[in-house]
Amino acid sequence: MNLRKTAVVILGLLILLSGCSSDTAADTASQKEEGANIHAGENHGRETIDDLAADENPAEDDVTENNESPIEDDTSAGDIEGAGEDAGSGIIELIPMKQLPDLTMDPQTPFTIDDIINWGTCVLTPVYHETFRYQIREFTNHPAKLVIDIGNTGDEPLVITDENMWYSILDYEGNEIAGSKLQGAPVSIAPGEIKRVVLTAQNPDAGLVFLELGGLSYTLGQPIFFAVLDDALDVDDTSPYYKYGFTIDGENGEPNIISMHAMQVIGNGRAKMVGCGLMAVENERIGPVDKGDGFLALVKVRIANTSDEVMTIDRLITSGGGLRVDFTEEDMSLLGEKGLPYTIEPYSIVEGWVPFRVRDGRDGYGVAFLTSHGVFSLGYLQTYPIFEK
């Protein structure tokens, strides 16, 4: 790997390891004065989980800070045509989305580098820049593969080579071992054209892609995995776990432990959890979460009770696409076996899906869990990989 690539890789590592930008850090400091301080990224004028701090019943609010009702009505899932409810069972059948919405060349407001740093790379919705735009179609490991639709909105042909887009994964000595390959390179995209681009890596664990295109340089950072770090894990046992990426202290002094990316295990010794990946669905509504002017997705969550006391989820709050709601145990029962249990027995592991609305890559997305064993949040859900179809 040449010196330029080495410098970009190091810069990307520093950005990812820092967790957030200086603007985000300043915003977080102000949030410490709020109640539960539930975090899912900067607000930028949209409602996120951050705003729920002093709100005991957000789903009952008449007006949000944007003067918009967070929930348009209390219609149950079964009252909406196409909601996917099994006849007579009361259980909603999830209808996986065959493919994400197509990338178009319609006029759009470009993302800035600050948007990318603050929000991460959205895998669910398109990302727009001045001279190009893209929509991630697949982003997997085992095998390591990125399928991405790229549109050229500039005046000149867009030529993409292995020097513009590459997988990176380092061994313990800092050597590049990805074996990245851009299929069909060089790939030329004419002005006004959209072309599908495929990037692969010989190392099946590779999951981080560096992009240098249109004068911009940043990472397509999910799923994140570095061979030299150990925070890309799963909850597969009930041993105590104290590691976490970020915390905000609440008024009662109890920390809200926050996951900043997929497969990052967070824990406080009494419990631990991880967000694993996403499933985009065609359903119109799941309980109080409706698709609005976007669509619905669910995040798969695994929770381990690492204590000898029963653990309960006392409040589960989802935020995304301008909608924030308390998702109750009764709501969760609509998902049947796919739902996340609200009671976790001592030294046991549970898993299930939690829904949220998707609208735009600059919205805040997250889920907060206020439990008998502490407060936990999964932030930046829009950057999680899609692994369920």
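Residues numbered from 1 in each chain as written. Predicted model: local features only at pLDDT ≥ 70, side-chain atom pairs only at ≥ 80, totals over all residues. Heavy atoms only, no water.

1. So, the overall build of the chain
Keep this limit in mind: Put simply, DSSP marks the helices as runs of H or I at least four residues long and the strands as runs of E at least two long, and each gets a number from the N terminus on. Relative accessibility under 20% of the residue-type maximum defines a buried residue, over 50% an exposed one, and the middle range a partly exposed one, all with a 1.4 Å probe and only protein chains included. Only heavy atoms enter the contact rule, under which two residues are in contact if any of them lie within 4.5 Å. Note that accessible areas follow from Shrake-Rupley with a 1.4 Å probe, and for residues the cover is restricted to the protein chains shown.
Assigned secondary structure in the chain consists of four helices and 23 strands. Here the chain holds 389 residues, and 53% of them are scored as buried. Here the contacts in the chain between residues at least 6 apart in sequence split such that 67% fall between residues at least 24 apart. Summing over all exposed atoms, the chain offers an accessible surface of approximately 16300 Å²; the carbon and sulfur share of this is 49%.

2. Some remarks on the nonpolar core
Inclusion rule: To form a nonpolar core, buried Ala, Val, Leu, Ile, Met, Phe, Trp, Tyr and Cys residues must be joined to one another through side-chain atoms within 4.5 Å.
One finds Tyr134, Leu146, Ile160, Tyr167 and Leu316 to be the most contacted residues of the largest nonpolar core, which totals 79 residues. Ranked by residue count, the leading element in this core is strand S17 (residues 295-305), at seven residues. Residues in contact with Tyr134, not counting those within four places in the same chain, are Leu103, Thr121, Pro126, Val127, His129, Ile148, Asp149, Ile150, Leu211, Tyr218 and Leu220. Formed by six residues, the second largest nonpolar core is a distinct cluster that contains Val235, Tyr241, Val274 and Ala304.

3. Examining the sheet that holds strand S8 (residues 194-201)
What holds strands together in a sheet is hydrogen bonding between their backbones, with the strands either parallel or antiparallel. Applied cut-off: DSSP bridges decide pairing: two strands pair if at least two such bridges lie between them.
Taken together, the five strands give an open sheet; going across it, the order is S1-S2-S3-S8-S6, and neighbouring strands pair in antiparallel fashion. Here the strands that pair on one side only, and so sit at the sheet edges, are strand S1 (127-128) and strand S6 (180-182). Pairing geometry for S1 and strand S2 (residues 132-140), over two bridges, is antiparallel. By the bridge assignment, Val127 is partnered in S2 with Tyr134.

4. Quick look at the sheet that holds S17
Spatially, four strands are ordered S13-S14-S17-S21 in an open sheet, and the strand pairing comes out antiparallel. Of all strands in the sheet, those with a lone pairing partner are strand S13 (266-267) and strand S21 (348-358), marking the two edges. The pairing of S17 with S21 spans eleven bridges and is classified as antiparallel. By the bridge assignment for S21, Arg302 is matched with Glu351.

5. Re the pattern of salt bridges
As a reminder of what qualifies: Criterion for a salt bridge: a side-chain nitrogen of Lys or Arg within 4 Å of a carboxyl oxygen of Asp or Glu.
One pass over the full model with this rule turns up 14 salt bridges. With a closest N to O distance of 3.1 Å, Arg357 and Asp290 form a salt bridge. Of this pair, Arg357 sits in strand S21 while Asp290 sits in strand S16 (residues 289-290); the two residues are 67 residues apart in sequence, bridging distant segments of the chain. A salt bridge links Arg302 to Glu351, with the nearest nitrogen and oxygen atoms 2.4 Å apart. One end of the pair, Arg302, is in strand S17; the other, Glu351, is in strand S21, and 49 residues separate them in sequence. For Arg302, a relative accessible area of 17% gives the class buried. The network of salt bridges with common partners includes Asp102, Arg137, Asp149 and Arg196.

6. Considerations on the environment of Ala262
By the secondary structure assignment, Ala262 is in the loop between strand S12 (255-259) and S13. Under the relative-accessibility criterion, Ala262 is labelled buried at 2%. Sequence separation between Ala262 and Gly275 is 13 residues; the distance between their C-alpha atoms is 5.5 Å.

7. Some words on the environment of Val281
Secondary-structure assignment places Val281 in strand S14 (residues 271-281). Given the relative accessible area of 1%, Val281 is considered buried. Measuring from C-alpha to C-alpha, the distance between Val281 and Lys291 comes to 9.8 Å, with ten residues separating the pair along the chain. Apart from the residues lying within four places of it in its own chain, the contact partners of Val281 are Leu94, Ile95, Pro96, Met97, Phe295, Leu296 and Leu298.

8. Points about unusual backbone geometry
The peptide bond linking Ala185 to Pro186 adopts the cis configuration, its omega dihedral lying at -5°. With respect to the helices and strands, Pro186 occurs in the loop between S6 and strand S7 (187-189). Positive phi, normally seen in glycine, also occurs at Met263, with a value near 65°. By relative accessible area, Met263 is classed as partly exposed at 23%. The phi dihedral of Tyr380 is positive, around 55°, even though this residue is not glycine.

9. Quick notes on the environment of Met165
Looking at the element boundaries, Met165 is found in strand S5 (residues 165-168). For Met165, a relative accessible area of 0% gives the class buried. Between the C-alpha atoms of Met165 and Val209, which are 44 residues apart in sequence, the distance is 6.8 Å. Apart from residues no more than four positions distant in its own chain, Met165 is found in contact with Leu146, Ile148, Ile150, Ile160, Ser180, Leu199, Val209, Phe210 and Leu211.

10. Examining the pairing of strand S9 (residues 208-213)
Note on strand geometry: in a regular strand, side chains alternate between the two faces of the sheet. The buried fraction of S9 is high, at six of six residues. Bridge count for S9 against strand S10 (residues 216-220) is five bridges, and the pairing is antiparallel. Residue Val209 lies in a different strand from S10, and its bridge partner there is Leu220. The turn linking S9 back onto S10 is made up of two residues, and Gly214 within it adopts a positive phi angle of 60°.

11. What to know about the confidence of the model for the chain
Test applied: A residue's pLDDT is the predictor's confidence in that residue, given on a scale from 0 to 100.
Residues of the chain with pLDDT of at least 70 account for 72%, and the chain-wide mean is 78. Ignoring residues within four places in sequence, the model shows residues 1-83, a span with pLDDT below 50, making 169 contacts including any to other chains.

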